[in-house]
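Spelled out from the first residue to the last, the chains are:
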Amino acid sequence: MFEHRPGFLVRLRPRSDTIYTSQSRTVLATELDGTIAGGRERGLFVHQTRLLSRYGYLFDGAPPQPVALSNVEQHTWLGYYIVAAPGVEVEEDHGSGALGAASQETLELRVSRYVGEGLHEDLDLTNFTQQPTSFEFALDIDADFADQVETKSRRLQQGELKREWRPATGLCELVFDYSAEHHYDQQSNTGDAAIHRQLAVRLEHLSSPADYREGRIVFPIDLEPGGRWHCCLNFIPMIDGQVLAPLYRCRSFTGTANLFDERRRMFLTGATGFESPTCPELLQVVVSALEQAKRDLASLRLYDLDRGERKWTMAAGLPIYVALFGRDTLTAAWQAALTGPEMMEGTLEELARRQGTETNPWRDEQPGRMLHEAHTGPLEALHYNPRGRYYGSITTSGFYPVVVAELWHWTGDRDLVRPLVEPALAALRWLDRYADLDGDGFYEYRTNSIQGVRHQAWKDSGDAIVDEAGAQVEPPIATCEEQGFVYLAKLHLAEVLWWLGERDEARRLRRQAAELKKRFNDVFWMEDLGFYAMGLDARNRPIRSIGSNAGHCLATGIVDRALAGATADRLLRDDLFSGWGVRTLSSEHPAYNPYSYHRGSVWPVEQGTFAIGFMRYGLWSSVERIARAQFDAAALFEHYRLPEVFSGHARDAEHPFPAFYPQSNSPQAWSSSAIFSLLQAILGLYPYAPLRTLFIDPHLPEWLPEIRLRNLRVGDAAATILFRRKKDGATGFTVEDLRGRLHIVRQPSPWSITAGAAERLEGAAETMLPHTRAGRRAAGVAGAVLAGALGWWALRRASGG
């Protein structure tokens, strides 16, 4: 396997032809020079509507030279541009011959951008010459109100666009006003829809007057030596009557205070912190990747969907998926629970609010079904497609109850969790009534919509599911991972119901889960291949393709204990494991393509889930291998940020780094969250807030000799724990601080499939050793041991063990 070594210059940036500055529903996508040239997917987008379609700077009709351009944070950006000051004489260089006129007699344009609801931009010109200069400075600007999809395909909506210049003393405004209507008739969904969207470009604090002509805002400018010129631009969107005033003003790189900033800071300061007292190279990558992942999740927050200042959800990814996606946000919130419960709380409440209530084939909606996606672009608002509220996913309904149980485990808050139980039960009822299409006890998907998603399980691209010969498999299909999600949903929700006193319903779900697990292992296991079938086709025949799906089955615990080792070994064989992660499809399969979305690429989100699965079965070498691969990959990517998906090229001397899936999102919510799952698996960490207990079973590898988790919250307690690898390879821990009541017990997770009574007693006994400082005073060793024993007994009873 090729090893990344110090001194390598590899830094990979997905979508390397575009710069993104974004926050909530607003995304500014520019060329590398910071301008918008009218190309595909470039522009100022708000609610998936392209407002600005052309934007650039001209000095006497010519563009300046960009010399340094970069995001400061995800929502801020700074660019330096220079030109040779017009009319200033430049001496001929008789020395090196390398001196440029623009650098010797410089007129500088500094552009500062701040995205928040709308966009605020500061334009600052400085004459760094010893002579006066006069010129015409212009903003080349236009808008088209295309849907995000229409920027790269045929335009469907045809509305009326008006442009109005409103001059005034000290303040001018250019208004783009767009209205469109559409009569729709889609599978009994009939009616008339209309949108009214607007962009006002307001010029304030002008140092010289402005005019508008031939698509340009023009400023005549005269600058003395050292002279300065300034203008503020406020880009103010209006979306169907809602004005989105920019949250920022001049010089807002630091010290800003608004709703978005305050809530972002609240999350980042309250979330678990990650530190390293030492500095091995890969350890610094781990810590940096964890901290960047927190910031990326915060940057994807959809503030208009906040359910409170501490309850929020996020977009799936930038730039394509700046919208609410059910399964993506559930997965990200679950995987990132190590940082705190806020994302789970906000996501669960928002999805419950949008749960299906009727039978609507066009939207693939049925009562109880959980949302797949909700977009706000013109095509959705005008009902050209059903994606304004679309339900074509089986995964969301199966995973919703799992995350409800996870929220219970992290918070132990009955008042918080109880209102979410009925939506979870309704989702399970939908699965039993509508998703078992042939009554065989397994859960299939099939679209009823003429514009529906063909594949509705984890792998949802149109060509994702192929048979062993490479041919497309037609739905209905029961994929293996969806059976695992339903199994875990019923098992864990049964445990929550048991705590809430609904014992009969808990026993019913627990029994159903046990029956599903037995049937699954009987039917899906392929003895001759030593692996689980990718799914069952429409005739209930096994789909014998070798892919990553079975890794999810390990994570859910539906895999029979006797088959877990073989399943993990098969996932990590060279044809599936690229060296950077597990491929979605074996490289030996006829349909393998390392660049495809689901037929050979590597998804970080899967690797995080697989690590949790390996942890559940005590497969620690597999945890270490997959985690090391992902952190090695993170070391190659800009900002240590794992993208949505990258290529499945083998990690060898001919491939020192992987390629990107061309349309890969970055940041992507569930790629950011996967980082936390990897660490959680390494630390064997699992909370059980109802018993004020945190279970840990750490196995630090050599490349991660120590790590500190600061302000880790379980229930109403918070702990700071230092984990350190010992010389003999074992991992010790020290509780450096503990606020509130929490028993920290060294034992495998209550959901461990392989841990026996002897192992648990050994862990409980070790907990009696002096691992803690302030924590021992607060919790007490005997209480910790007792909590661990009671917790194990209670959970086994609740789950039928």
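Since we're looking at a predicted model, the values are computed, not measured.

### Things to note about the confidence of the model for the protein chain
Here's step 1: Summarising the model, the protein chain shows a mean pLDDT of 92, and 92% of its residues fall at 70 or more.
Here's step 2: Throughout residues 768–793 the model reports pLDDT below 50, and contacts reaching past four residues in sequence, or to other chains, amount to 42 contacts.
Here's step 3: Contacts from residues 797–801, a stretch scored under 50 in pLDDT, to residues over four places away or in other chains number 10 contacts.

### A closer look at the sheet that holds strand E3 (residues 43–46)
Here's step 1: Strand order in the open sheet formed by seven strands is E1-E2-E3-E4-E9-E14-E13, and the pairing between neighbours is antiparallel. Pairing within the sheet leaves two strands with one partner each, and these edge strands are strand E1 (19–23) and strand E13 (211–213). Strand-to-strand twist in this sheet, taken as the mean axis angle between neighbours without regard to direction, amounts to 20°.
Here's step 2: For E1 and strand E2 (residues 26–30), the ladder comprises five bridges, and the chain directions are antiparallel. Paired with Tyr20 across the strands is Ala29, a residue of E2.

### Some details on the sheet that holds strand E27 (residues 706–714)
Here's step 1: Read from one edge of the open sheet, four strands run E17-E27-E28-E29, paired in antiparallel fashion. The sheet is open, and its two borders are formed by strand E17 (273–275) and strand E29 (731–739), each paired with just one other strand. Each strand of the sheet is rotated relative to its neighbour by a mean of 15°, with strand direction disregarded.
Here's step 2: In the sheet, E17 pairs with E27 via three bridges, with the strands oriented antiparallel. By the bridge assignment, Gly273 is partnered in E27 with Arg710.

### Here we look at the packing of helix H11 (residues 549–556) against helix H13 (residues 604–616)
Here's step 1: Here H11 crosses H13 at 45°, and the two axes come no closer than 7 Å. By the criterion of interaxial angle, the relationship of H11 to H13 is oblique. Note that H11 runs across H13; the crossing there is left-handed. Between H11 and H13, the contacting residues are Gly551, His552, Leu554, Ala555 and Thr556 on the first element and Glu606, Thr609, Phe610, Gly613, Phe614 and Arg616 on the second.
Here's step 2: When grouped by side-chain class, the residues that make up the contact of H11 with H13 number four nonpolar, five polar and two charged.

### What to know about the pairing of E3
Here's step 1: Residues Gly43 and Phe45 point to one face of E3 and Leu44 and Val46 to the other, with burial holding for every one of them.
Here's step 2: Relative to E3, E2 runs antiparallel, the two sharing four bridges. Bridge pairing in E3 links Val27 to Phe45.
Here's step 3: Here three bridges tie E3 to strand E4 (residues 49–59), and the two strands are oriented antiparallel to one another. Within E4, the residue paired with Leu44 across the bridge is Leu52.
Here's step 4: The turn joining E3 and E4, which pair antiparallel and follow one another in sequence, is formed by two residues; a positive phi near 50° is taken by His47.

### Structural notes on the pattern of salt bridges
Here's step 1: Counted according to the given criterion, the structure contains 55 salt bridges.
Here's step 2: In this structure, Arg307 engages Glu349 in a salt bridge whose closest nitrogen and oxygen atoms are separated by 3.6 Å. Of this pair, Arg307 sits in the loop between helix H3 (281–299) and strand E18 (324–325) while Glu349 sits in helix H5 (residues 342–353); the two residues are 42 residues apart in sequence, bridging distant segments of the chain.
Here's step 3: Ionic pairing is found between Glu350 and Arg353, a salt bridge with its closest N-O pair at 2.6 Å. You can see Glu350 and its partner Arg353 sitting in helix H5, three residues apart, about one turn around the helix.

### Details of the packing of aromatic side chains
Here's step 1: As enumerated under the stated definition, the model contains 35 aromatic pairs in all.
Here's step 2: Aromatic side chains Phe399 and Phe485 sit 5.6 Å apart centroid to centroid with 70° between the ring planes, which places their arrangement in the edge-to-face category. With a gap of 86 residues between them, Phe399 in helix H7 (residues 395–411) and Phe485 in helix H9 (residues 480–499) connect regions that are remote in the sequence.
Here's step 3: Relative accessible area serves as the criterion here: at 6%, Phe399 is assigned to the buried category.
Here's step 4: Each member of the aromatic cluster is reached from another via a ring pair, and the members are Tyr55, Tyr57, Phe59, Tyr81, Phe135, Phe137, Phe219, Trp229 and Phe235.
Here's step 5: Here Arg651 stacks its cationic end above the ring of Trp580, 4.1 Å away from the centre of that ring.

Criteria and cut-off values
- Residues numbered from 1 in each chain as written.
- Predicted model: local features only at pLDDT ≥ 70, side-chain atom pairs only at ≥ 80, totals over all residues.
- Heavy atoms only, no water.
- pLDDT = per-residue confidence, 0-100.
- Contact = heavy atoms within 4.5 Å.
- Pairing = 2+ DSSP bridges.
- Helix = DSSP H or I, 4+ residues; strand = E, 2+ residues; numbered from the N terminus.
- Axes fitted to C-alpha atoms, helices over the stretch in contact; angles between N-to-C directions.
- Parallel < 35°, antiparallel > 145°, perpendicular 65-115°, else oblique.
- Left-handed = near helix turned anticlockwise from the far one by under 90°.
- Nonpolar A, V, L, I, M, F, W, Y, C, P; charged D, E, K, R; others polar.
- Buried < 20%, exposed > 50% of the residue type's maximum accessible area, 1.4 Å probe, protein only.
- Salt bridge = Lys/Arg side-chain N within 4 Å of Asp/Glu carboxyl O.
- Phe/Tyr/Trp six-rings, centres within 6.5 Å; stacked < 30°, edge-to-face > 60°.
- Lys NZ or Arg CZ within 6 Å of the ring centre and 35° of its normal.

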